[in-house]
Structure formats: C-alpha cells, structure tokens
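Here is how the chains run, residue by residue.
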2 protein chains.
Amino acid sequence: MSLLIAVPNRDMTKLQILLSDALPEILIEIWPEIVDPLKVEFVLVWNPPKNLWCNLPNIKAISSFGAGVDGLIKNEPLPNAPVARIVDPKLADDMALYVLGQILNFKLRLNEFHVKQQKKLWQPKRAHQTSKVGILGLGQLGTKTAELLNLNGFEVSGWSRSEKKINNITCYHGDEGLIEMAKSSDYLVCLLPLTEQTKGILNYELFQHLPNHACIINVARGEHLIENDLLKALDNNEILGAILDVFQTEPLPKDHEFWLHPRIICTPHTSALTSINTIVEQIAENYQHMEKGEPLINLIDAKLGY
Amino acid sequence: MSLLIAVPNRDMTKLQILLSDALPEILIEIWPEIVDPLKVEFVLVWNPPKNLWCNLPNIKAISSFGAGVDGLIKNEPLPNAPVARIVDPKLADDMALYVLGQILNFKLRLNEFHVKQQKKLWQPKRAHQTSKVGILGLGQLGTKTAELLNLNGFEVSGWSRSEKKINNITCYHGDEGLIEMAKSSDYLVCLLPLTEQTKGILNYELFQHLPNHACIINVARGEHLIENDLLKALDNNEILGAILDVFQTEPLPKDHEFWLHPRIICTPHTSALTSINTIVEQIAENYQHMEKGEPLINLIDAKLGY
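Residues numbered from 1 in each chain as written. Chains lettered and ligands numbered in written order. Predicted model: local features only at pLDDT ≥ 70, side-chain atom pairs only at ≥ 80, totals over all residues. Heavy atoms only, no water.

A. Representation of the side chain of Q102 of chain B. As for its placement among the helices and strands, Q102 of chain B is situated in helix 2 (residues 89–107). Discounting chain neighbours no more than four positions away, the residues touching Q102 of chain B are L110 of chain A together with I243, I265 and T267 of chain B. (Helix = DSSP H or I, 4+ residues; strand = E, 2+ residues; numbered from the N terminus. Contact = heavy atoms within 4.5 Å.)

Given below as structure tokens:
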C-alpha cells in the first residue's frame, strides 16, 4: 500500500522521511514518482496537478496539506472519499499574534519610521489613534484573533455568515451586517474560508464603506481580494493602507504592482505556518483510522468548503 | 506674576496659548523672552539653558516637561524649590504598546520582510521562537510593560535596584541579578530612570551575558547605552539586533552609524509622547498648589533622580 504526497512546487523530502518513520509498513511516495498507481490509498494534497485522480482508482482517504481546503479542488472534482485537513492547535495562536503584530506595526507607524530611517530622517509623529477592528470570519482563527485584540484594548467586531455570539465581540452577519461593520472598522481583517460566497469579498464596493483612514489586512486567501479594486481604493484615498500575506498568485510575480506600492505591506504567506511535526502526527493518525475503517479526524465537508 | 516655559529648541506656542487659557490671571512667557525676571515664580523646564536660574531669584516651584527628570539638571544645580514632573496616565499604556509592537515586529521578522519587499524577494521564513523578555526597571512604565507582555504569552522577568515582587514576573535585583536575568533574556528592554547608577548600564560586559539571538530595546534614555559597545556587540555577533527610540544626541546626527546599520531599528523618540492636554492640566493644578502653599502633585526627589 502507498501514501502519496501530491504538493507540487515544494520540497517534500523531509516530510517523506518523517512519514516513512511514522508509517514504516507502507510506501511514502512523492508525486509524480508513483511506483504503482493502483496501490495508492491515501493522498496528502495541495493544488493537485491535472489528471491526478483519474490514475488513482483506489483512494480511500484524502487530506489537505493545510488548514484550508480551497487548494484541494483545482482542476477536477475530488474522488469519492472522506476528506480531512490539518488542524494545528498553534496555528490560531500564531495567526492572532501575526495580526496583532501587523496592527501595532501600522498603528505605531513602524514601517513609516523604517522608510525614514533609510533616508536618515528624524521626523517624530504620534501613533494613529485607531482602535476599532472588524474581523471577517469567526471560525477558530477569527475568534482567537478577536480575543487577543480585545485583550490588548482594541474594540473588536466580527462578521460571519450565520449569527454568532462571542463575549466582548460585537457580532454581525449577513450582507447588511457586513456594511455596518465596515463603516466602523479602522482595521478590517479577512480570516474567512475561501468559498464561492466569500471569493472577492474584499472589493471596491466594500472599501467605499470603510473610513478613509482604514487599513485592510488579508491573511486568508489571495482570492478574497479583487487586487485591482485595492489599487483603485488606495489611489482614490478611500482607504489608507493594506497589509497582505496572501495573493492571487504566489509567489507574488516580480512585475506585480503590490511589491513597490508605498501603502501596501507584503509578507510571503508566513502569517501562520503549520509545523511539520503536526502534519506527520495527524497524517499518521488518519492513515490508521482509514485502515481500521474508522472516521477520519478533522473531517471536512468538501462541498461546503470548510 | 509669571510662569516661564524654558524648553529650548521646541515650538511652545501652542502650549503657551493653552496655559494662558487655563491660568488667565498670570503671564505665560517662553524663554528667552522674559519681561521681568523678578516676577517669574514657576518654571516648566527641559534641558535648561546656561545661566537660566541665576537670573530668576524668586522661583517657588519647578516642573519637568516630561515624566523623566534627568533633563532638569544640565548646566547648573536647581534652585531651592520643590520639583514636580508630568505624570500622564496614558504614557505607561503607550510605552507598553510600543514595546509589545517592536517585540512582535522583531519576532515576526516584519522589518526583514519589509527590506525583502523593497527588493521584490519572496522568501518565507518562520517567526523567531523567542518569548523571554527581561525588563530593566520596574517602575510605572516597566511594570505596565511587563504585565502587557505577560498577558500576550511572553515569559517576563524584571530587574530593579531594590527587591520587588510582582505577580507572574520573575523579579531580580542587584548586580548578580542583572547578569542572571540577562542570561535568559531573548529581549532586553531598558525602562530605567537615568541616574548616576544606571548611566551606561547597557554596555559590552552586559551584552556578553545575553544569548547570541538577543535583541536590545532601549526606550528610556540615550545615556543608558554605550553606543560603541552596541556596535561592537553586533559586529561580534554577541547579540542579534537592537531597537532604539532614544539616543545620546537627539535628533540623531546625520553621520551616525546607527541610521543605516542593518541590525539596528531607530525610531525618533516616539515610544510614549505626553499629551499636551495632560501637561496643561497638571501645570495649572501645580501652579494653584504653589500659590496656596500646598505641596505639589507628582513631586520628585531631584537628588535621587526619580
């Protein structure tokens, strides 16, 4: 039997070694090197290459390579098998800390001062007097982030598809709730799962409802943001800045306008990285569940998207 | 009667207007424009110019322009009058937030990514796995900063001249305590008052006790740091970086090595700025206390230095 790692464009050799140690009885293969396609039963996958599934008729379980599952369905629909994802308990803490760090960076003008330092300019300026944060998405990551910001004195609101109640967080839902929250957000943080409904949610229409001093933070998926709408909103001074950790195309292409835009801060998808040990543990556990015919841990509804 | 503002090299006209509104019965003057030196009874002062005091024989009260009082005694000793300082209750909150923001900036490598963004380099890197903070000085600012870092999951130690006990903070004191704390500090934050004992406390000998990945943060006074010792420690890889908001000479001179050092982050003394409204309120209150012969608020021992 075999477990296939199908994560194109990334070096998976370290993970292969660790999974071979954890599951010594089976073969761990890295796409496209497959000894016998009929023996592949478990696939760990992100951005599946074309025609991956049609050559693998005996799949019994699939796991996303990360917390999101939007990278699973790229070219073809998934085979009929249960789908799990990796849930790293530290991921939400890391994400919350990244968002807090970036908000403080913006509020305290640390990037502005960094640019001035490079020009040897001593120009003191008071911090932005902004403290209202609106969070799109109140799942595990959104809730944790909301709680951490709240603990640090920020006034936090959150928006989700269905109605929610969280202590000390003003909760909004639905289309009207989205606009209402935007109106009073100094910082708008996207932590939504990527679905047909949330794709392009960060668009020009929404930006127009934000205060002019607002800053957009996208740490979810590049496809949540209409990139040209962001440039237009910045040019028209509808918003003040943007902090982006995710992009439509990653790595961000060299000729992309975001790289050198003075009011856009880019980081290379580092807001929350799943630890390799967590991946190995959860994949090994789910392989054993599959073998015993037990339900997978961290099972998701691939059609719903989360 | 007159209140003299003696804060050279800063525009004090706005403060003069606000103080004139608050104390309409007296003259508010800005050094060196003094109508009658014999009438000056109250002096609000920072970095007093030479021979200030000898021409003002009738001083009944002095106030520092800020929270520190080290800027009071520059050229001559102070006249024999009670000395107060400005205590802005928001100052400690602002300072704590600045230190948290800079530590997160360093931990999450936000400045590194900013430099890479300018070069269009997509190079993901995990955050520093550092969480131990040592704080020099456990007064109002140090304690508040320690508490905020603690709340955000950092492991916080503090050092003070005399023994202290604070919940959840490992407290050190004395020369041995200083070295012991340094040994286990990923971040070493200076929030000490400037006195003869603390001048130059951030020196090469201390840096040698820090871990090689450590980062120094000085938000107290430029004179706490031996600037050449910092350069030597960075060159010798005894420490990893430094974040400085205060300098021996401010503004930092154009030819200073700190400006373009790749491992030093400089901000222009903005970590905690006293609000002008707080200054007006407390000066007006202390002027009235002086008139009625009541003790000043926020009185300090000018000889002790705090």
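B. Representation of the packing of aromatic side chains within the structure. All names here are of chain B. Under the criterion given, the structure shown has 8 aromatic pairs over all chains. Consider the rings of F42 and Y287, whose centres lie 6.0 Å apart with planes at 45°: the pair is tilted. A residue pair is termed long-range when its members are at least 10 positions apart, and F42 in strand 3 (residues 40–45) and Y287 in helix 8 (residues 276–292) qualify at 245 residues. Taken as a pair, F42 and Y287 share a single burial class, namely buried. Ring geometry for F106 against Y187: centres 5.9 Å apart, planes inclined by 85°, an arrangement best described as edge-to-face. With F106 in helix 2 and Y187 in strand 9 (residues 187–190), this pair connects stretches of sequence that are 81 residues apart. Taking the relative accessible area as the measure of exposure, Y187 reaches 1% and is therefore buried. (Phe/Tyr/Trp six-rings, centres within 6.5 Å; stacked < 30°, edge-to-face > 60°. Buried < 20%, exposed > 50% of the residue type's maximum accessible area, 1.4 Å probe, protein only.)

C. Structural context of the domain arrangement of chain A. All names here are of chain A. Split into domains, chain A comes out as domain 1 (2–88 + 274–292) and domain 2 (91–266). The centre of domain 1, based on its C-alpha atoms, is set 33 Å off from the matching centre of domain 2. Taken together, the contact between domain 1 and domain 2 spans 8 residues of the former and 6 residues of the latter. Of the roughly 530 Å² buried at the junction of domain 1 and domain 2 (both faces included), carbon and sulfur atoms supply 45%. The tally of links between domain 1 and domain 2 comes to 0 salt bridges. The class makeup of the residues in the side of domain 1 that touches domain 2 is 3 nonpolar, 2 polar and 3 charged. (Domains from an automatic or database assignment. Buried area = accessible area lost by both parts, 1.4 Å probe. Salt bridge = Lys/Arg side-chain N within 4 Å of Asp/Glu carboxyl O. Nonpolar A, V, L, I, M, F, W, Y, C, P; charged D, E, K, R; others polar.)

D. Geometry of unusual backbone geometry. With an omega of 5°, the peptide bond running from W31 of chain B to P32 of chain B counts as cis. As for its placement among the helices and strands, P32 of chain B is situated in the loop between strand 2 (27–30) and strand 3. At the junction of E250 of chain B and P251 of chain B, the peptide bond is cis and its omega measures out at -10° in the coordinates. Note that P251 of chain B resides in the loop between strand 11 (241–244) and strand 12 (264–266). A positive phi angle is found at N47 of chain A, which is not glycine, with a value near 50°. Mapped onto the fold, N47 of chain A is located in the loop between strand 3 (40–45) and strand 4 (61–64). The exposure class assigned to N47 of chain A is partly exposed, which follows from its relative accessible area of 34%.

E. Representation of the sheet that holds strand 11 of chain B in the model. Residues and elements named next belong to chain B. What the 7 strands build is an open sheet, ordered 8-7-6-9-10-11-12; its pairing is parallel. The open sheet has two edge strands, strand 8 (170–173) and strand 12, and neither has a second partner. Adjacent strand axes in the sheet meet at a mean angle of 15° when their direction is disregarded. As paired strands, strand 11 and strand 12 are joined by 3 bridges and run parallel to one another. Bridging across to strand 12, L244 finds its partner in C266. Packed onto the sheet, helix 2 meets strand 6 (132–136), strand 9, strand 10 (215–218), strand 11 and strand 12 and runs at close to 155° relative to strand 9. (Pairing = 2+ DSSP bridges. Axes fitted to C-alpha atoms, helices over the stretch in contact; angles between N-to-C directions.)

F. Spotlight on the nonpolar core. Core analysis: the largest hydrophobic core is formed by 62 residues, its most contacted members being I103, L149 and V189 of chain A together with I103, L149 and V189 of chain B. If we skip the residues at most four places from it in the chain, L149 of chain A touches V99, L100, I103, V133, I135, F154 and V156 of chain A. Membership of the second largest hydrophobic core comes to 33 residues, among which are Y172, I216, L231 and C266 of chain A. (Core = buried A, V, L, I, M, F, W, Y, C linked by side-chain atoms within 4.5 Å.)

G. Structural view of the interface of chain B and chain A. Contact with chain B, which involves 50 residues of that partner, is made by 50 residues of chain A. The three residues of chain B that bury the most area against chain A are Q117, K120 and W122 of chain B, which together make up 21% of that side's buried surface. Linking chain B to chain A there are 17 residue pairs in polar contact (both at pLDDT 80 or more). If you list the elements that add at least two residues to the side of chain B that touches chain A, you get helix 2, helix 3 (110–118), helix 4 (140–151) and strand 12 of chain B. Partitioning the side of chain B that touches chain A into residue classes produces 25 nonpolar, 16 polar and 9 charged. (Polar contact = N/O pair within 3.5 Å; in protein donor to acceptor, adjacent residues only side chain to side chain.)

H. Expanded view of the packing of helix 2 (residues 89–107) of chain A against helix 4 (residues 140–151) of chain A. Residue and element names in this part refer to chain A. The geometry of helix 2 relative to helix 4 is characterised by a closest axis approach of 8 Å and an angle of 50° between their N-to-C directions. On the basis of their axis angle, the class for helix 2 and helix 4 is oblique. Crossing hand, helix 2 versus helix 4: right-handed. Contact residues: helix 2 offers L91, A92, D93, M95, A96, L97, V99, L100 and I103, while helix 4 offers Q140, L141, K144, T145, L148 and L149. Among the residues forming the contact of helix 2 with helix 4, the class breakdown is 11 nonpolar, 2 polar and 2 charged. (Parallel < 35°, antiparallel > 145°, perpendicular 65-115°, else oblique. Left-handed = near helix turned anticlockwise from the far one by under 90°.)

I. Structural detail: the sheet that holds strand 1 (residues 2–6) of chain B. All names here are of chain B. Pairing is mixed across the open sheet formed by 6 strands, whose spatial order is 2-1-3-4-5-13. In this open sheet, the two strands that pair with only one neighbour each are strand 2 and strand 13 (299–300). Pairing of strand 3 with strand 4 (residues 61–64) involves 4 bridges; the strand directions are parallel. Directly across from F42, in strand 4, lies its bridge partner A61. Across the face of the sheet, helix 8 comes into contact with strand 1, strand 3, strand 4 and strand 5 (83–84) while running at roughly 150° to strand 3.

J. Here's a closer look at the relation of the copies chain B and chain A. Take chain B, turn it by 180°, move it 0.0 Å along the axis, and it overlays chain A with an RMSD of 0.1 Å. Here the copies are linked by what is in effect a two-fold axis. When each C-alpha of chain B is compared by its distance to the rotation axis, G101 of chain B comes out closest, at 3.0 Å. (Least-squares fit on C-alpha atoms with pLDDT ≥ 70 in both.)

K. Just the side chain of H114 of chain B, in detail. If you trace the backbone, H114 of chain B turns up in helix 3. Judged by relative accessible area, H114 of chain B falls into the buried class, the value being 8%. Setting aside residues up to four positions removed in sequence, H114 of chain B forms contacts with N111, H114 and V115 of chain A.

L. Inspection of the pattern of salt bridges at higher detail. Residue and element names in this part refer to chain B. Counted under the stated rule, the structure contains 8 salt bridges over all chains. K90 serves as the salt-bridge partner of D94, at 3.1 Å between the closest nitrogen and oxygen. A residue pair is termed a helical-turn pair when its members lie 3 or 4 positions apart in one helix, as D94 and K90 do in helix 2 at 4 residues. We classify D94 as partly exposed; its relative accessible area is 23%. The closest approach of N and O atoms between E112 and R109, which form a salt bridge, is 3.2 Å.

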